[in-house]
Amino acid sequence: MHPILSAIVYFLLINVILWPLQYISAKAYARSINFDADVTFGEDEIIIKHNNKEAIETKDWNWIQKIEIRKERIWLTLTQARPFGISIPLSKLSKSDIDLFRRKMK
């Protein structure tokens, strides 16, 4: 076989093996994270009340790098050294909460 064609075939075969492993690993990691806090989103700040530490953190909206509103969920990507995301079902939010996230998207 031609070397370039051979390299493409090997690349595709390796990806067929690695993509499912990466997906399974990400799902396992997501299940292992135990987020033990209540988060309140206000107009000017975000308050995080940790349940097991009796600690309260206050963040501004710069803490959130990206907001995506999809059909069933709002996805928040946080600005941290290790990327972290929060997924909130739309069914658990009021209309005013959804409007707050829409305003902060812009």
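This section reports on the structure supplied with the text.

What counts, and at which threshold
Residues numbered from 1 in each chain as written. Predicted model: local features only at pLDDT ≥ 70, side-chain atom pairs only at ≥ 80, totals over all residues. Heavy atoms only, no water. Salt bridge = Lys/Arg side-chain N within 4 Å of Asp/Glu carboxyl O. Helix = DSSP H or I, 4+ residues; strand = E, 2+ residues; numbered from the N terminus. Buried < 20%, exposed > 50% of the residue type's maximum accessible area, 1.4 Å probe, protein only. Pairing = 2+ DSSP bridges. Core = buried A, V, L, I, M, F, W, Y, C linked by side-chain atoms within 4.5 Å. Contact = heavy atoms within 4.5 Å.

Some details on the pattern of salt bridges
Per the stated rule, a full pass over the model turns up five salt bridges. Glutamate 43 serves as the salt-bridge partner of arginine 103, at 2.9 Å between the closest nitrogen and oxygen. Within this pair, whereas arginine 103 is found in helix α2 (residues 95-105), its partner glutamate 43 is found in the loop between β1 (37-41) and β2 (46-50), the two being separated by 60 residues in sequence. In this structure, lysine 95 engages aspartate 99 in a salt bridge whose closest nitrogen and oxygen atoms are separated by 3.3 Å. One end of the pair, lysine 95, and the other, aspartate 99, are both in helix α2, four residues apart, so they sit about a helical turn from each other. For lysine 95, a relative accessible area of 60% gives the class exposed. Since its relative accessible area comes to 26%, aspartate 99 is described here as partly exposed. Connected through shared salt-bridge partners, Lys66, Glu68 and Arg70 make up one network.

Some remarks on the pairing of strand β4 (residues 64-69)
The side chains of a regular strand alternate between the sheet's two faces. Here β4 runs beside strand β5 (residues 73-78); their pairing, made up of five bridges, is antiparallel. Residue isoleucine 64 lies in a different strand from β5, and its bridge partner there is leucine 78.

Details of the nonpolar core
Phe41, Trp61, Ile64, Leu76 and Phe101 are the most contacted members of the largest nonpolar core, which totals 18 residues. When contributions to this core are tallied by element, the ones reaching two or more residues are β1, β2, β4, β5, β6 (84-89) and α2. For tryptophan 61, the residues in contact, after removing those within four places along its chain, are Phe41, Gly42, Glu43, Asp44, Glu45, Ile46, Ile67, Leu100, Phe101 and Lys104.

These figures capture arrangement, not role.
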